[in-house]
Amino acid sequence: MVEEIIRIENLTKRYISGIIKQKETYGALDVSFDIKRGEILSLVGESGSGKSTVANMILRLLKPTMGNIILLGKNIKEYKIKKYYENVQGIFQDPYSSYNFFYKVDHVLNQAISHSLSWVDIAEKERIISNTLEIVGLRGTETLGRFPHQLSGGQLQRILLARCLLFKPRLLIADEPTSMVDACARAEILNLLKKLKDKSGISVLFITHDIGQAQYISDRVIVMKKGEIVERGPTNDVFLNPKNDYTQNLLASVPSIYRKWA
Ligand SMILES: Nc1ncnc2c1ncn2[C@@H]1O[C@H](COP(=O)(O)OP(=O)(O)OP(=O)(O)O)[C@@H](O)[C@H]1O
Ligand SMILES: [Mg+2]
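Residues numbered from 1 in each chain as written. Chains lettered and ligands numbered in written order. Predicted model: local features only at pLDDT ≥ 70, side-chain atom pairs only at ≥ 80, totals over all residues. Heavy atoms only, no water.

Taken together, the side chains of Y96, F101 and M180 define a hydrophobic patch exposed on the protein surface, amounting to about 260 Å² of accessible area. Relative to the helices and strands, F101 resides in the loop between strand 6 (88-91) and helix 3 (106-116). (Patch = residues over 30% accessible without salt bridge, like charges linked within 9 Å, V, L, I, M, F, W, Y side chains within 5 Å. Areas by Shrake-Rupley, 256 points an atom, 1.4 Å probe, with all protein chains shown as cover. Salt bridge = Lys/Arg side-chain N within 4 Å of Asp/Glu carboxyl O. Helix = DSSP H or I, 4+ residues; strand = E, 2+ residues; numbered from the N terminus.)

Below is the structure:
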């Protein structure tokens, strides 16, 4: 049996606005799904469907209103934060926002390694950083010692991916990681995620509203609409034979070969 990495059970989020007269602004989110070892699961859906809300709850950046998140058989409430982030890491849409532009890019890597491998000496840390940069297709000589503005969006995103890998996580949450990089870097990042899955068995929750990317990268797909899962299944089943009207409409809006297939 394939190992279950994470299980999401009736995860619900209600956003409340207003201090005195509190009003529920968004109360429909309720999702359940799991991700297996070495699996890429894509979460697709229109803007506002709740994809990032799910991602942020899994990353413990948002507190769920209700429901459970079970990581490696244990409720996340039972994890110490440090231990949790050794298992679950995230990359986001805007790589620029993860850097402090006063620091060289080394800073994000040094910070991560001093958390994940605090006992290792400096020379060994440098070696690990350089090897991890190689895994994401970068050379230390071309990236370390530079300031964020001296690198491209694709390079910055790959450094952030390297940062995640320093923790050797079991699960990577990738929330639209390619939407702010150019087409070439986009392909590189997608291929890199596939390679990581194949070589190190990492599991990925890949969030996108780009059906083409989801079709290319994922083993299974979940389609969300207004906080609910309307369709799910193996990628080809969902995209080649969509059952739900909403998925059919999503596919119809893609000017590509999928429409011919569907
Ligand atoms: N902090 C917040 N307070 C109130 N409502 C919020 C908050 N964050 C998100 N929402 C609402 O929750 C819903 C889902 O938002 P979310 O960001 O999860 O969507 P998304 O699927 O990630 O969209 P996108 O594709 O644009 O990133 C939206 O209707 C949004 O307005
Ligand atoms: Mg989002």
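Let us now look at the pattern of salt bridges. Throughout the structure, instances matching the rule amount to 11 salt bridges. For K36, the salt bridge identified is with D34, shortest N-O distance 2.8 Å. Judged by relative accessible area, which is 26%, K36 ranks as partly exposed. D34 gets classed as buried once you look at its relative accessible area, which sits at 17%. Put simply, D219 and K197 hold a salt bridge, and the shortest N to O gap is 2.9 Å. Taken together, the positions of D219 in the loop between helix 8 (211-217) and strand 9 (220-225) and K197 in helix 7 (residues 183-200) put the pair 22 residues apart, joining distant regions of the chain. The class of D219 is partly exposed, set by a relative accessible area of 30%. Residue K197 is classed as buried on the basis of its relative accessible area of 16%. What you see here is one network of salt bridges that share partners, running through D34, K36, E39 and R220. (Buried < 20%, exposed > 50% of the residue type's maximum accessible area, 1.4 Å probe, protein only.)

This paragraph deals with the layout of surface pockets. Picture a little ball the size of a water molecule; that probe, rolled over the atoms, points out where space is still empty. Roughly 450 Å³ of internal volume is contained in the largest pocket. Forming the walls of the largest pocket are 19 residues, and the residues nearest its centre are L165, F167, K168, P169 and S200. Elements with a minimum of two residues in the lining of the largest pocket: helix 4 (122-135) and helix 7. Top element by residues in the lining of the largest pocket is helix 7. It accounts for 4 residues. Partitioned by chemical class, the residues of the lining of the largest pocket number 9 nonpolar, 4 polar and 6 charged. Taken as a whole, the second largest pocket spans an internal volume of roughly 350 Å³. Looking at the second largest pocket, it is lined by 17 residues, and the ones nearest its centre are Q89, G90, F92, R163 and C164. Counting residues per element, the ones that place at least two in the lining of the second largest pocket are strand 6, helix 3 and helix 6 (153-165). Tallied by class, residues from the lining of the second largest pocket come to 11 nonpolar, 5 polar and 1 charged. (1 Å grid on protein atoms, 1.4 Å probe; cavity = no way out; pocket = protein on both sides within 12 Å on 5 of 7 lines; lining within 4 Å. Points joined across faces, edges and corners; volume = space filled by probe spheres on them. Nonpolar A, V, L, I, M, F, W, Y, C, P; charged D, E, K, R; others polar.)

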